[in-house]
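# Fold and contact review
Chain residues, written in single-letter form:
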Amino acid sequence: MVTAPPRPALSSGRSFVAAIDQGTTSTRCLVVDDQARVVATAQVEHAQHYPQPGWVEHDPLEIWRNTVHVVEQALENAGLQATDLAACGIANQRETVVVWDRVTGEPVHPAIVWQDTRTEATCTRLAADPETDSLFRAVTGLPLSSYFSGPKIAWVLDHVEGARGRAGRGDLLAGTVDSWLIWKLTGGPEGGQHVTDVTNASRTLLMDLRRLEWSPELASRLDVPVEVLPRIHRSSEVYGLGHGDGPLPGVPVAAALGDQHAALVGQGCFEPGSSKSTYGTGGFLLCNTGEEIVRSEHGLLSTVAYQLNDGPPCYALEGSVAVAGSLIQWLRDRLELIRDVAEVESLAASVPDSGGAYVVPAFSGLLAPRWRPDARGVIAGLTAYTCKAHLVRAALEATCFQTREVVEAMRADTGHPIDELTVDGGMVANSLLMQLQSDTLQVPLSAPAVTETTALGAAFAAGLAVGVWDDLESVAAVCHRGRRWRPDPASALPTTGWREWNRAVDRSLDWAPSDQLVKENA
């Protein structure tokens, strides 16, 4: 652990913390004060690359350039210098992997994104052996799936010429996006720290969930050399100081959490049983299970929620939906049904319902709780009556129905009702979507005053590491609630809508035959 130098006291008596939220479609920087008030933000999107069906890639160097830009822009917007910051924390898209040269700092391949399915054939082959499948589930809490990071690292080493040999000689480093950014921020080839935290490590299929260490046996089975992997640390800890040539010179880089775990912290969900649902590129529902690892029998994931300061690891159950906000982007960028995401709410509200149309956005299969990589996207129930507004409303309803599946699985696994759901993420700005979600679940929803809780959670974790906040109670004290939505008991969504959407899901299954899956992963 690196000891942070004392930061200068500001004349205003306020402390400031920066958070880098590196997401699937954009990178943002949030600067907050010690009362969790947002001082400034900056955000920029990065390109999405789809070289083949089922493949999704990002440019790691573009992500790094964008990170530098948003940090500098946020500080400028706040009227602050890097020296005014007590610390910086990072939240990141979790299962996306980068492999790079430790000497040059150059990635050897584009980042393979969590949505990518090119390793499905490998995972299917491994899962076909019941003993292997059971071993991975028991040790990691995860099913063998292309969703996770470990198989992606192995794919890069096997498909980039000379990469496996370079890895064996110690010339390559690999990790999730948090590791890439921390290494770059703390010096890169000039002494950059190659680390990750327990939440990101828990999403790789390589970490022992109880021991919080890399499992040599699982790494061997996935053909990933442990030597390329980062050191596993707590989520709240000073990993290193910002390098002088970077955007945060001398600033303690003091937290890392996978984005959904950061949102759990940002919502103040510190008590066992507390839950949150994030609506971003995908949809993610996490339920805090405390120090107990709860094994799911209904298609959910057992994962590390966080490990803050010197406290014990806290665990969670999670249900992951691959496509939520990205469905709206697809309507905009690929189908060109809309010109701007801002149009969605008013367009969907212009019709009373979806006109009998249902969307199943299984672009890369279905994740929790079904885990069906063979599923593909379906639009069902089209008639001559269907118009653009109906399809946009059906897209919003698809997010609601997918979330309901996860909520029902969570209730079954925990034995506890979810009487109210806290929500966050960019899609919460769409009030119609939140009302449809409340109607579908027939429970109230509540949003925090600061809806970008992913970034806020990273800021909280970093602030805890350097003493901006003393403990979880002081963090919870500045987590303020915002809007609420109450269900309409007369809505047809939980009855007719739910039944018909499940009929559409049935039609999405077995759409990608096994020979096509093998071809996609060749």
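Residues numbered from 1 in each chain as written. Predicted model: local features only at pLDDT ≥ 70, side-chain atom pairs only at ≥ 80, totals over all residues. Heavy atoms only, no water.

Turning to helix H9 (residues 259-266), a few remarks are in order. Counting buried residues along H9, eight of its eight residues qualify, which places the element largely inside the surrounding structure. By the burial criterion, the buried members of H9 are Asp259, Gln260, His261, Ala262, Ala263, Leu264, Val265 and Gly266. Backbone geometry just downstream of H9 places glycine 268 in the positive-phi region, at approximately 70°. (Buried < 20%, exposed > 50% of the residue type's maximum accessible area, 1.4 Å probe, protein only. Helix = DSSP H or I, 4+ residues; strand = E, 2+ residues; numbered from the N terminus.)

The subject of this paragraph is the environment of arginine 334. Along the polypeptide, arginine 334 turns up in the loop between helix H10 (325-333) and helix H11 (344-349). If we ignore the near neighbours within four places in the chain, the residues touching arginine 334 are Tyr50 and Gln329. (Contact = heavy atoms within 4.5 Å.)

All right, on to the packing of H9 against helix H14 (residues 453-466) then. Packing of H9 against H14 brings their axes to within 6 Å, and their N-to-C directions diverge by 75°. In terms of axis orientation, H9 runs roughly perpendicular to H14. For the pair H9 and H14, contact is made by Asp259, Ala262, Ala263, Val265 and Gly266 and by Thr453, Thr454, Leu456, Gly457, Ala458 and Phe460, respectively. (Axes fitted to C-alpha atoms, helices over the stretch in contact; angles between N-to-C directions. Parallel < 35°, antiparallel > 145°, perpendicular 65-115°, else oblique.)

Let us look at the sheet that holds strand S5 (residues 85-92). Within the open sheet, the six strands sit side by side as S3-S2-S1-S5-S14-S13. Their pairing is mixed. Whereas interior strands pair on both sides, the edge strands pair on one side only; in this sheet they are strand S3 (38-45) and strand S13 (236-241). With strand direction ignored, the average angle separating the axes of adjacent strands in the sheet is 25°. Strand direction decides the pairing type here: S13 and strand S14 (residues 252-258), joined by three bridges, are antiparallel. Pairing of glycine 240 across the sheet is with valine 253, part of S14. On the sheet, helix H1 (residues 60-78) packs against strand S1 (16-22), strand S2 (26-33), S3 and S5 and is oriented at approximately 150° with respect to S3. Docked against the sheet, H14 engages S1, S2, S5, S13 and S14, running at close to 135° with respect to S14. (Pairing = 2+ DSSP bridges.)

A few words now on the pairing of S3. The side chains of a regular strand alternate, residue by residue, between the two faces of the sheet. Bridge analysis of S2 against S3 gives seven bridges, and the strand direction is antiparallel. For valine 32, the partnering residue across the bridge sits in S3 and is valine 38. Taken together, S2 and the strand that follows it, S3, pair antiparallel across an intervening segment of four residues, in which alanine 36 is found at a positive phi of about 65°.

Right, let's talk about H10 for a bit. Where burial is concerned, most of H10 is hidden: seven out of the nine residues are buried. Those residues of H10 lying buried are Gly325, Ser326, Leu327, Ile328, Gln329, Leu331 and Arg332. Taken together, the buried residues of H10 touch S3, H11, strand S19 (358-360) and helix H12 (388-414).

Below, the discussion takes up the side chain of glutamine 402. Its place among the elements puts glutamine 402 in helix H12. Of the residues examined, glutamine 402 reaches a relative accessible area of 7% and is grouped as buried. Setting aside chain neighbours within four positions, we find glutamine 402 in contact with Val321, Val323, Pro361 and Trp501.

This paragraph deals with the confidence of the model for the protein. Mean pLDDT for the protein: 92, with 95% of residues reaching 70 or above. In this model residues 5-12 is a low-confidence stretch, pLDDT under 50, and it forms eleven contacts with partners more than four residues away in sequence or in other chains. Per-residue pLDDT stays below 50 along residues 517-522; that stretch engages in 17 contacts with residues further than four places along the chain or on separate chains. (pLDDT = per-residue confidence, 0-100.)

Before going further, it helps to spend a moment on unusual backbone geometry. Look at the link from alanine 368 to proline 369: it is a cis peptide, with omega at -5°. Phi at alanine 36 takes a positive value of approximately 65°, unusual for a residue other than glycine. Within the element layout of this structure, alanine 36 appears in the loop between S2 and S3.

Okay, empty space enclosed by the protein next. For the structure shown, the criterion picks out three cavities of 30 Å³ or more. A volume near 110 Å³ is recorded for the largest cavity. Around the largest cavity, the lining comprises 13 residues; the ones closest to its centre are Val321, Leu366, Leu367, Ala368 and Gln402. At the level of elements, H12 and helix H16 (493-508) are the ones that each hand at least two residues to the lining of the largest cavity. Class assignment of the residues belonging to the lining of the largest cavity gives a composition of nine nonpolar, two polar and two charged. Here the second largest cavity defines a volume of roughly 70 Å³. What lines the second largest cavity is a set of 14 residues, and nearest its centre among them are Gly175, Thr176, Thr204, Trp214 and Pro230. Those elements that provide at least two residues to the lining of the second largest cavity are helix H4 (149-159), strand S8 (172-176) and helix H7 (198-201). No other element matches the three residues that S8 contributes to the lining of the second largest cavity. Along the lines of polarity and charge, the residues of the lining of the second largest cavity split into eight nonpolar, six polar and no charged. (1 Å grid on protein atoms, 1.4 Å probe; cavity = no way out; pocket = protein on both sides within 12 Å on 5 of 7 lines; lining within 4 Å. Points joined across faces, edges and corners; volume = space filled by probe spheres on them. Nonpolar A, V, L, I, M, F, W, Y, C, P; charged D, E, K, R; others polar.)

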